[in-house]
Each structure stands twice: as structure tokens, then as C-alpha cells.
Amino acid sequence: MSPAPARTSPGSVLFVCGMNSIRSPMAEIIARSVLPAGTYIASAGVRPGERDPFVDTVLAEIGLDLGHRQPQTLDELEDDYFDLIVTLAPEAHHRALELTRGNAVEVIYWPTPDPTVATGTRERILDAYREVRDMLRHRIVSGKGWSRPLAGG
């Protein structure tokens with residue numbers, strides 16, 4: 001039996017959502033915990049946003065932490081070249097396509113629900129955030145949704 005072909009991961013990944021306060025920072029922190037150590041991972045939003053305390057709560061449940069990280073916009077990014085851009089909201093996808101027109105950057109879209117639309121008790125709202133966290137974690141860990149194979153997977 002011949003060995004499986006080597007799998008490669010992008011050298012740099014950018015996650016983008018609307019305000020970089022929920023979906024993209026969750027994806028960034030989860031990806032940092034599972035992708036190869038040399039992978040540059042960042043996240044940003046289309047518009048300015050505020051840090052969401054529910055994100056801290058649901059990440060802490062799985063042993064992750066945003067630290068002192070604050071939301072940033074695409075315009076505030078220090079680096080502007082990524083091998084792969086993963087968009088998590090329609091407006092982010094359209095903006096990423098606009099920004100990368102003419103560049104050899106792969107942009108993929110992972111439709112991800114906005115947990116801020118959840119209503120009801122604190123626990124019901126947290127459940128909506130947990131669903132998003134778990135969806136992102138599954139996609140990142142399993143490789144489902146990546147357009148290219150990931151190293152070590």
C-alpha cells in the first residue's frame with residue numbers, strides 16, 4: 001500500500017465576518033488551537049464592532065480564551081495578504097471578493113448563523129453561541145468546508 005499524499009495547509013488564513021466580534025474571532029482562536037503552529041491566522045470585520053462577552057463565555061467552556069484581543073476591521077489589519085480567506089457572513093464574503101479581485105487569493109464562504117438574533121433566557125442565548133462555536137470547530141477540525149486539505153488531517 002502506498003503512503004497517502006502529503007496534505008498541505010495554507011500558510012495564512014483570514015476569517016472575516018460583519019464586526020469581528022463573534023464569528024470570526026471564535027474561528028480565529030479555534031483555528032489557532034488546532035492548525036499547525038507555523039500557520040498565520042487572523043480575523044477581521046467589515047465594520048467596527050465591540051467585544052461580545054458571550055464569546056468569552058462559550059470559548060472558556062472549551063478551554064480557549066481571546067486574551068486581550070479586540071475587534072478589528074479589514075482596514076486595520078497589519079498584513080493584507082493571506083493564502084486563504086474564509087468568510088462567515090454574506091457582507092463579509094462580498095467585501096472579501098471585492099478586496100481580492102485581481103489577486104491570487106482563495107476566498108471561501110462558510111454560511112454561519114448570527115447568534116445575536118437569539119432571544120429568551122441567558123441560557124437560550126448561550127446555546128445559540130455554542131451552536132456557532134461548535135459548527136466552526138467542527139469545520140476547522142474536520143476539514144469539512146475547507147477547499148484544500150489540511151496538514152495532519
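Computed from a prediction, not measured in an experiment: that's the story for all the values here.

### Comments concerning the nonpolar core
One finds Phe15, Met26, Val86, Leu88, Trp110 and Leu136 to be the most contacted residues of the largest nonpolar core, which totals 27 residues. At 6 residues, the largest contribution of residues to this core is made by helix α4 (residues 122–142). With residues near it in sequence (within four places) discarded, Leu136 still touches Arg23, Met26, Ala27, Ile30, Leu88, Trp110 and Thr112. Counting residues in each nonpolar core, the second largest holds 13 residues, with Leu14, Ile85, Ala92 and Ala96 among its members.

### Here's the deal with helix α2 (residues 53–60)
Along α2, the residues that are buried comprise Val55, Val58 and Leu59. Buried residues in α2, looked at end-on, bunch into an arc of 100°, giving them a common side. Facing away from the buried side of α2 by over 90 degrees, the exposed positions are Pro53 and Ala60. Summarising the contacts, the buried residues of α2 are in contact with α1 (23–34) and α4. Here α2 starts with a cap whose side-chain oxygen sits 2.8 Å from the backbone nitrogen of Phe54, and that cap is Asp52.

### Let's talk about the packing of α2 against α4
Between α2 and α4, the shortest axis-to-axis distance is 10 Å and the interhelical angle comes to 65°. Relative to α4, the element α2 lies roughly perpendicular. Here α2 runs over α4; the crossing is right-handed. Of the residues in α4, those touching α2 at Phe54, Val55, Thr57 and Val58 are Arg122, Ile125, Leu126, Tyr129, Arg130 and Arg133. Its residues assigned to classes, the contact of α2 with α4 comprises 6 nonpolar, 1 polar and 3 charged.

### Here's the deal with the pairing of strand β4 (residues 106–109)
As defined by bridge partners, strand β3 (residues 84–87) adjoins β4 across 4 bridges and the pair is classed as parallel. Across the sheet, residue Thr87 finds its bridge partner in β4, namely Tyr109.

### Let's talk about the packing of aromatic side chains
Counting across every chain of the model gives 3 aromatic pairs. Residues Phe15 and Trp110 carry aromatic rings whose centres are separated by 6.2 Å and whose planes lie at 55° to one another, so their mutual orientation is tilted. Here Trp110 lies in the loop between β4 and α4 and Phe15 lies in strand β1 (residues 12–17), a separation of 95 residues in the sequence. The pair Phe15 / Trp110 is uniform in exposure class, with both members buried.

### Observations concerning the confidence of the model for the protein chain
Looking at the protein chain, the pLDDT average stands at 88 and 88% of residues meet or exceed 70. At the low end of the mean pLDDT range in the protein chain sits β4, at 92; at the high end sits α2, at 97. Throughout residues 1–7 the model reports pLDDT below 50, and contacts reaching past four residues in sequence, or to other chains, amount to 4 contacts. Under a pLDDT of 50 for its full length, residues 149–153 has, in the predicted model, 15 contacts with residues more than four places off or in other chains.

### Observations regarding the pattern of salt bridges
Counted by the stated rule, this structure contains 10 salt bridges. Here Arg51 ties to Asp56 by a salt bridge, and the two come within 2.6 Å at their closest N and O atoms. As a salt-bridge pair, Glu98 and Arg95 come within 3.1 Å of each other at their nearest N and O atoms. With a gap of 3 residues between them, Glu98 and Arg95 both fall in helix α3 (residues 90–100), about one helical turn apart. Overall, the relative accessible area of 46% leaves Glu98 in the partly exposed class. A relative accessible area of 25% places Arg95 in the partly exposed class.

Cut-offs and rules
Throughout, a residue's number is its position along its own chain's written sequence, starting from 1. Owing to the predicted nature of the model, reporting of local features is limited to residues with pLDDT of at least 70; listing and counting of side-chain atom pairs is limited to 80 or more, with chain, interface and lining totals taken over all residues. Side-chain figures throughout are based on the complete set of non-hydrogen atoms in the structure, without hydrogens or water. We call a set of buried residues a nonpolar core when its members are Ala, Val, Leu, Ile, Met, Phe, Trp, Tyr or Cys and they connect through side-chain atoms within 4.5 Å of each other. Relative accessibility decides the category of a residue: with a 1.4 Å probe and only protein chains considered, values under 20% of the type maximum give buried, values over 50% give exposed, and everything between is partly exposed. Each helix is a run of DSSP H or I of at least 4 residues and each strand a run of E of at least 2, with the numbering of both proceeding from the N terminus. Only heavy atoms matter for contacts: two residues are in contact if any of them lie within 4.5 Å across the pair. The directions from the helix axis to the C-beta atoms are what the arc is built from. Pairing of N or O atoms within 3.5 Å defines a polar contact, subject to two protein rules: one partner must be a possible hydrogen donor and the other a possible acceptor, and residues neighboring in sequence count only if both atoms are side-chain atoms. Fitting a line to C-alpha atoms yields each axis, with helices limited to the stretch in contact; the angle taken between N-to-C directions then spans 0 to 180 degrees. Any angle that falls under 35 degrees is termed roughly parallel, while one over 145 is termed roughly antiparallel, one within 65 to 115 roughly perpendicular, and all others oblique. Working rule for handedness: look at the near helix, and if it is turned counterclockwise from the far one by less than a right angle, call the crossing left-handed; if clockwise, right-handed. Polarity classes work like this: nonpolar for Ala, Val, Leu, Ile, Met, Phe, Trp, Tyr, Cys and Pro, charged for Asp, Glu, Lys and Arg, and polar for all others, with Gly in that last group. In this description, strands pair whenever DSSP reports at least two bridges between them. Any two rings among Phe, Tyr and Trp, with Trp reduced to its six-membered ring, count as a pair given centres within 6.5 Å; such a pair is stacked if its planes are under 30 degrees apart, edge-to-face if over 60, and tilted if neither. The predictor rates its confidence in each residue with pLDDT, a number between 0 and 100. Salt bridges are counted wherever a side-chain nitrogen of Lys or Arg sits within 4 Å of a carboxyl oxygen of Asp or Glu.

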